[in-house]
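Each chain, letter by letter, is given below.
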Amino acid sequence: MLYYLIQYLEETLHPPGFQVIEFITVRATLAAITALVISMVIGQRIIEWLKRKQLGEEVRTGLHAGVVDHSHKRGTPTMGGIIIISAIGISTILWGDLAEIYVWLILVATVWMGAFGFADDYIKTVRKDKAGLAPKIKIVGQVGLGLIVGSVLYFHPQFADVRSITDLPLFRNWHFDYDFLEPLFRVDLGWATFIPVTVFIVTATSNAVNLTDGLDGLAAGVTAIVALGLVALCYISGHSGLSEYLGVMYLSGASELTVFAAAMVAACLGFLWFNSYPASVFMGDTGALALGAAVATTSLMVKKELLLPLLCAVFFMETISVIAQTSYFRYTRRKTGQGRRILRMAPLHHHYEAAGMHEVKIVTRFWLVTVITVLATILSLRIR
């Protein structure tokens, strides 16, 4: 909205310097500053409101059978994802080009999963039901969002030229076509592959961020670093010169996602002001599911979803650790009658915590790993 107001003033009054608002780098910077200020200004007020409503976290207690003791965190306000979503949404609306489908789709994805996460947190904290939102309903929300995102990206006219193709990592000017069955059947079947893949990516990524949200500052810090990588990917994809130089797909309008990604970086950093150890608030499913959906949808829109395992390596490892732990336990219980574990505890961050490592050290090291993998993701565009 501010973007349009300043644009109008520039066109009618021609004040000096106002033309810089056309530069995506300027608006992305302004969005980041706005998101940081919003998250830090409203953050304390929201935390106080959550405390008054007694919307605190319920945690497991005791230190036995590999279960770490988080009893000191009991009662810490949750639903802090409201801070993150508010900061991202307001900043993007203020500084983004609302005429672009990219902006609306990413906002819908973030708010959609944030709403399902909020429902889960509400049931846990207000109704005191530790089970939270029924898993089937949560899956319906994730699959529903995947269907929306996949359908828009495939059938909307703006994506007609690139709807079934995506950038292939490590290969310059090479693309993978989801419509690989078309030569065989002589009919467009790309949607039958692309939409299910989109559903899987949205579901998996939102769950992965949710699994990572187990230590103070872990999910927020990792997401902030990943979002910084997305800033680069969005800017490159929407810049004709850079995309041609690096041999990646040029997507007109995708540069507007730079504004959103920059706001996401700053919103997560602002949230860390309150969420770093010892945390004054947790993001809860409200924030974790929303951020996961935002990361997945952004990568899909800029055709970089095949880079997600590297870009989001920490989220990927956390998910794999849970799958490996549960699968091995069930297998050994079926074979021997007694389930065995690969890790002391899953997800992975709890394994290190159960081994005696302080959570601050775990969080810091996971941040550093993410910095390395994000840099590797950006460098992979250049070594093609």
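Analysis parameters
- Residues numbered from 1 in each chain as written.
- Predicted model: local features only at pLDDT ≥ 70, side-chain atom pairs only at ≥ 80, totals over all residues.
- Heavy atoms only, no water.
- Helix = DSSP H or I, 4+ residues; strand = E, 2+ residues; numbered from the N terminus.
- Expected span 1.5 Å × (residues − 1).
- Bend = angle between axes of the 7 residues up to and from the residue.
- Buried < 20%, exposed > 50% of the residue type's maximum accessible area, 1.4 Å probe, protein only.
- Patch = residues over 30% accessible without salt bridge, like charges linked within 9 Å, V, L, I, M, F, W, Y side chains within 5 Å.
- Areas by Shrake-Rupley, 256 points an atom, 1.4 Å probe, with all protein chains shown as cover.
- Salt bridge = Lys/Arg side-chain N within 4 Å of Asp/Glu carboxyl O.
- Contact = heavy atoms within 4.5 Å.
- Axes fitted to C-alpha atoms, helices over the stretch in contact; angles between N-to-C directions.
- Parallel < 35°, antiparallel > 145°, perpendicular 65-115°, else oblique.
- Nonpolar A, V, L, I, M, F, W, Y, C, P; charged D, E, K, R; others polar.
- Core = buried A, V, L, I, M, F, W, Y, C linked by side-chain atoms within 4.5 Å.
- Phe/Tyr/Trp six-rings, centres within 6.5 Å; stacked < 30°, edge-to-face > 60°.

(A) Structural context of helix H2 (residues 24-52). In a regular helix each residue adds 1.5 Å, so 29 residues correspond to 42 Å; H2 covers 41 Å between its end C-alpha atoms and thus fits that length. At Gly-43, H2 shows its strongest bend, of approximately 35°. Among all positions of H2, only Ile-24, Arg-27, Ala-28, Ala-31, Thr-34, Ala-35, Ile-38, Ser-39, Gly-43, Ile-46, Ile-47 and Leu-50 are buried. A positive phi of about 55° marks Gln-54, the residue just after H2.

(B) Layout of a nonpolar patch on the surface. Residues Phe-316, Met-317, Ile-320, Ile-323 and Val-369 make up a contiguous nonpolar surface patch of about 410 Å² in total accessible area. In terms of residue count, helix H13 (residues 313-336) provides more of the nonpolar patch than any other element does, 4 residues in total. Along the polypeptide, Ile-320 turns up in helix H13. A residue is classified by how much of its surface remains accessible, and Ile-320, at 40% relative accessible area, is partly exposed.

(C) Expanded view of the side chain of Ser-299. Mapped onto the elements, Ser-299 comes out in helix H11 (residues 284-301). According to the relative accessible area criterion, Ser-299 is buried, its value standing at 1%. Setting aside its immediate chain neighbours within four residues, Ser-299 contacts Lys-304, Glu-305 and Leu-308.

(D) Main features of the packing of H13 against helix H15 (residues 359-382). Taken N-terminus to C-terminus, the directions of H13 and H15 make an angle of 120°; their axes are 8 Å apart at the nearest point. Compared by their axis directions, H13 and H15 come out oblique. On H15, the residues touching Ala-313, Val-314, Met-317 and Glu-318 of H13 are Phe-366, Val-369, Thr-370 and Thr-373. Here the contact of H13 with H15 is built from residues that sort into 5 nonpolar, 2 polar and 1 charged.

(E) Structural view of the nonpolar core. Counting 97 residues, the largest nonpolar core has Leu-153, Met-264, Met-283, Leu-291 and Leu-311 as the members making the most contacts within it. Sorting elements by how many residues they give to this core places helix H10 (residues 256-275) first, with 14 residues. Apart from the residues within four sequence positions on either side, Met-283 is in contact with Thr-78, Met-79, Gly-80, Gly-81, Ile-84, Asp-121, Asp-213, Ala-219, Ala-220, Phe-271, Ala-288 and Leu-291.

(F) Layout of the environment of Leu-153. Tracing the sequence through the fold places Leu-153 in helix H5 (residues 135-155). Residue classification places Leu-153 among the buried positions, given a relative accessible area of 2%. The sequence separation of Leu-153 and Ser-164 amounts to 11 residues, and the corresponding C-alpha distance is 8.8 Å. In this view, Leu-153 contacts Leu-105, Phe-159, Arg-163, Phe-194, Leu-300 and Met-301; residues no more than four positions away in its chain are not counted.

(G) Local environment of the packing of aromatic side chains. Enumeration over the complete set of coordinates arrives at 9 aromatic pairs. Taken together, a centroid distance of 5.2 Å and an interplanar angle of 85° make the contact between Phe-176 and Tyr-178 edge-to-face. We classify Tyr-178 as buried; its relative accessible area is 3%. Taking the centre distance of 6.3 Å and the plane angle of 85° together, the rings of Tyr-352 and Phe-366 count as edge-to-face. Of the two residues, Tyr-352 sits in helix H14 (residues 348-354) while Phe-366 sits in helix H15, which places them 14 residues apart along the sequence. Overall, Tyr-352 belongs to the partly exposed group, its relative accessible area being 33%.

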